Amino acid sequence: MYIAMNRFKVKNGSETDFEDVWKNRDSTLSEMKGFREFHLLRGPVNEAEGYTLFASHTVWESQDDFTAWTKSQNFRDAHKNAGTTKPAYIGHPQFEGFSVVEGA
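Residues numbered from 1 in each chain as written. Predicted model: local features only at pLDDT ≥ 70, side-chain atom pairs only at ≥ 80, totals over all residues. Heavy atoms only, no water.

**Comments concerning the nonpolar core**
Soluble globular proteins tend to pack their nonpolar side chains together in the buried interior. Ranked by size, the top nonpolar core spans eight residues in total: Tyr2, Ala4, Leu29, Met32, Phe35, Trp60, Phe66 and Trp69. Those elements that provide at least two residues to this core are strand E1 (2-11) and helix H2 (63-70). The contacts of Trp60, once residues within four sequence positions are left out, are Met1, Tyr2, Ala4, Leu29, Met32, Lys33, Gly34, Phe35, Arg36, Asp65, Phe66 and Trp69. Grouped together as the second largest cluster of nonpolar side chains are six residues, Phe8, Phe18, Phe54 and Tyr89 included. (Core = buried A, V, L, I, M, F, W, Y, C linked by side-chain atoms within 4.5 Å. Buried < 20%, exposed > 50% of the residue type's maximum accessible area, 1.4 Å probe, protein only. Helix = DSSP H or I, 4+ residues; strand = E, 2+ residues; numbered from the N terminus. Contact = heavy atoms within 4.5 Å.)

Written out as structure tokens, the structure reads:
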């Protein structure tokens, strides 16, 4: 199993707009080989720096399945309008990928 996460620092006051983009997207993840599940996670508010932390969280059967998705037309279609919500972010999303430690 492979878990792919992107962390987003969303400017305070933009949380609802950010969530609505994800809720209303036309996702084709379920069509992809190896895709298991998706979650959008809302984390803590950082008042000092003016953002709320969010993470997109996908679970795949393997890292190869995730990599194949990132090279697919489905991926390009899913991200074609990603820049339109950029002003709601502080910095760029931070990607983190994890392989499951079997037997732990």
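**Topic: the sheet that holds strand E3 (residues 51-60)**
The strands that make up a sheet are held in pairs by hydrogen bonds between backbone atoms, and each pair lies either parallel or antiparallel. If you walk across this open sheet you meet the four strands as E2-E3-E1-E4, and the pairing is antiparallel. At either end of the open sheet lies a strand with only one pairing partner, and these are strand E2 (35-46) and strand E4 (94-99). On average, each strand axis in the sheet is inclined to that of its neighbour by 20°, with strand direction left out of account. In terms of strand pairing, E1 meets E4 through six bridges, oriented antiparallel. Paired with Asn6 across the two strands is Phe95, which belongs to E4. Where helix H1 (residues 15-23) meets the sheet, it contacts E1, E2 and E3, and its direction lies at approximately 180° from that of E2. (Pairing = 2+ DSSP bridges. Axes fitted to C-alpha atoms, helices over the stretch in contact; angles between N-to-C directions.)

**Considering the pairing of E3**
Within a regular strand, the side chains alternate between the two sheet faces. Of all the 10 residues making up E3, 10 are buried; the element is thus mostly covered by neighbouring parts of the structure. Neither face of E3 is exposed, since Tyr51, Leu53, Ala55, His57 and Val59 on one face and Thr52, Phe54, Ser56, Thr58 and Trp60 on the opposite face are all buried. Pairing of E1 with E3, which is carried by 10 bridges, proceeds in the antiparallel orientation. When the sheet's bridge partners are listed, Lys9 is paired in E3 with Leu53.

**Considering H1**
Glu15, Phe18, Glu19 and Trp22 are the residues of H1 that are buried. Taken end-on, H1 shows its buried residues confined to a sector of 95°, consistent with a single buried face. Facing away from the buried side of H1, by more than 90 degrees, are the exposed residues Thr16 and Asp17. Where H1 is buried, its residues meet E1, E2 and E3. (Arc of directions from axis to C-beta.)

**Quick look at H2**
Listed in full, the buried residues belonging to H2 are Asp65, Phe66 and Trp69. One face of H2 carries all of its buried residues, which in axial projection span an arc of 100°. Among the structural elements, E1, E3, helix H3 (73-79) and E4 are those in contact with the buried residues of H2.

**Overview of the side chain of His57**
Tracing the sequence through the fold places His57 in strand E3. Exposure remark for His57: the relative accessible area of 15% places this residue in the buried category.

The values reported here are purely geometric and, on their own, carry no functional implication.
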